[in-house]
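# Descriptive structure summary
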Amino acid sequence: MQTLNKKHESGRSMIEMVGVLAVMGLITAGAFVLISNASASQRRNRVIDDVMNIATGVRSLYAEHDTFPPITSATVLSALSINATSPYNTKYEIKTASDTTFLVTVPDMNYNDCSALSIKKWKDAATTPTCTQKSGDATKGTFVITYNKL
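Figured I'd write up the structure that's included with this text. (Residues numbered from 1 in each chain as written. Predicted model: local features only at pLDDT ≥ 70, side-chain atom pairs only at ≥ 80, totals over all residues. Heavy atoms only, no water.)

### So, helix α2 (residues 73-80)
The set of residues buried in α2 consists of Ser73, Val76 and Leu77. Projected down its long axis, α2 shows its buried positions confined to an angular sector of 90°, all on one face. When the buried face of α2 is taken as reference, the exposed residues oriented beyond 90 degrees from it are Ala74 and Ser78. Against the buried residues of α2 lie α1 (14-61) and β1 (93-96). (Buried < 20%, exposed > 50% of the residue type's maximum accessible area, 1.4 Å probe, protein only. Helix = DSSP H or I, 4+ residues; strand = E, 2+ residues; numbered from the N terminus. Arc of directions from axis to C-beta. Contact = heavy atoms within 4.5 Å.)

Structure, rendered in C-alpha cells:
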C-alpha cells in the first residue's frame, strides 16, 4: 500500500499578510500627503483669484475718481459681490494706502501658504507682496499686496 503525502496549504501565510499590510500602509500615507498638498494648493489658488478680482473691482469702482477716497473692506466687497471670507476663515481687508494705491490683506493665514504667495509673480502689483509672521504663533502669517490705481 502506498501512502499519499497531502499538503494542507490554503490561503496566505503570515509573512505574506504582513507584506500586504505594509504596502497598503505606505499607499495610505502617500494618499494623505497628496490630499494635503492638493488642499493647500486649492486654498492658495482661491486667494489668488479673490485678490485679483478685488484689485480689478476696486479699480473699476473708482475709475472715474482721480484719487482713492478712504476705502473700507465691507463697502468694496459688498459692491463687488465678493465673499469677504478667505479660505483661511478670516476676512479680506482692503484699505487706501495713499491717494493712488490700495492694500489687500489676508490676515492669519497658514505661514507656508503666505510665503508661497509672497514669492509668486503678481500681475499689476505696485510692490512685491509681503508675508509677515504673526507674533506668538509661528504657523500664522499676514499677506499684504499693494496695487496702483492705474
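### Some details on the side chain of Thr105
Note that Thr105 resides in strand β2 (residues 101-110). What makes Thr105 buried here is its relative accessible area of 8%. If we ignore the near neighbours within four places in the chain, the residues touching Thr105 are Lys91, Tyr92, Glu93, Thr142, Phe143 and Val144.

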